[in-house]
Amino acid sequence: MEYKDIVMTAAVIIGPILAVEIQKILEQFREKKQNRFNIFRTLMSTRSQRLHRDHVQALNMIDIEFYGRKIPLIKTRFQTKKEQAVTHAWKSYNNHLNKAKEYPDINIWISKSDDLFTDLLYAIAQAMNYDFDKVQLQRDCYRPIAHGDLETTQANILKGLEDIFSGKTSLPMTITNIPFNETNKRDEETQASNQDLRNS
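Parameters at a glance
- Residues numbered from 1 in each chain as written.
- Predicted model: local features only at pLDDT ≥ 70, side-chain atom pairs only at ≥ 80, totals over all residues.
- Heavy atoms only, no water.
- Helix = DSSP H or I, 4+ residues; strand = E, 2+ residues; numbered from the N terminus.
- Buried < 20%, exposed > 50% of the residue type's maximum accessible area, 1.4 Å probe, protein only.
- Contact = heavy atoms within 4.5 Å.
- Areas by Shrake-Rupley, 256 points an atom, 1.4 Å probe, with all protein chains shown as cover.
- Expected span 1.5 Å × (residues − 1).
- Salt bridge = Lys/Arg side-chain N within 4 Å of Asp/Glu carboxyl O.
- Core = buried A, V, L, I, M, F, W, Y, C linked by side-chain atoms within 4.5 Å.

Visitor: Just give me the short version of the overall build of the chain, but keep the residues and values in it.
Guide: Helix and strand content of the chain: 8 helices and 2 strands. Sequence-ordered secondary structure for the chain, helices as α and strands as β, is α-α-α-β-β-α-α-α-α-α. Relative to its 200 residues, the chain shows a buried fraction of 19%. Here the contacts in the chain between residues at least 6 apart in sequence split such that 52% fall between residues at least 24 apart. Taken as a whole, the chain presents about 15,800 Å² of accessible surface, with 57% of it coming from carbon and sulfur.

Visitor: A description of helix 4 (residues 81-97) should follow, citing residues and the corresponding values.
Guide: Taking 1.5 Å per residue as the helical rise, helix 4 with its 17 residues ought to reach 24 Å, and the 24 Å between its terminal C-alpha atoms agrees with that figure. Where helix 4 is concerned, the buried positions are E83, V86, T87, A89, W90, Y93 and H96.

Visitor: I'd like to hear about the pattern of salt bridges, residue by residue, with values.
Guide: Per the counting criterion, the structure on display carries 4 salt bridges. In this structure, the salt-bridge partner of E83 is R36, at a minimum N-O distance of 2.5 Å. Placement of the pair is E83 in helix 4 and R36 in helix 1 (residues 3-45), with a sequence separation of 47 residues. In this pair, the class of E83 matches that of R36, namely buried.

Visitor: Break down unusual backbone geometry for me, with residues and values.
Guide: Located in the positive-phi region is N129, a residue other than glycine, with phi close to 65°. Within the fold, N129 resides in the loop between helix 5 (106-127) and helix 6 (134-139).

Visitor: Describe the nonpolar core, listing the residues and the values that go with them.
Guide: Grouped burial of nonpolar side chains is what soluble globular proteins tend to show. Membership of the largest hydrophobic core comes to 22 residues, with the highest contact counts inside it found for L43, I62, V86, L120 and I124. Contributing elements (two or more residues each) for this core: helix 1, helix 2 (53-60), helix 4 and helix 5. Ranked by residues supplied to this core, first place goes to helix 5 with 8 residues. Here I62 is in contact with I39, L43, Y67, V86, W90, L120 and I124, once residues within four sequence places are set aside.

Visitor: Which residues make up the environment of F117, and what values go with them?
Guide: Relative to the elements of secondary structure, F117 occurs in helix 5. You can call F117 buried: its relative accessible area is 1%. Each C-alpha atom, one on F117 and one on W90, is 8.1 Å from the other, the two residues being 27 residues apart in sequence.

Take a look at the structure:
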């Protein structure tokens, strides 16, 4: 068998295998890109509703989707600078979310949260090759006042119920009206008759 025949035979055998592997790699790349886009879209659409379940789920998927790529031979991972920027921004934001009690004023904590969340959105936008600036990400957001009022009301109700069930506070009660029935009327008539007998 000549050298040319060996090459042709190898090409016939290896060609389809390589084509399948390349197809798998392309599908994985498209899937990861779509997953990252879904995270970014969810965070953008719920940026004014940060207690929304979809928002929280998207945040928790950041570590997975921006993890980088595993290098099998040396059993480590490789992250691009943009991926590192995303995971670092998420770590900073996540760490801050658990420190509300450390701030003397809740408004200071909220302001810092807004800044860190904007940094996270900006890092993801850069990783996705979107041309957004931080001011645009922070300001260009529509939120009806009614949504904010509803969230505040719901939070206050849940907090009040939690305090009652945990025993921190009691349920206040006020009697505004005592229903009048025939039994009460007879009792009053009897008491009036007894009073008249005593007076006579």
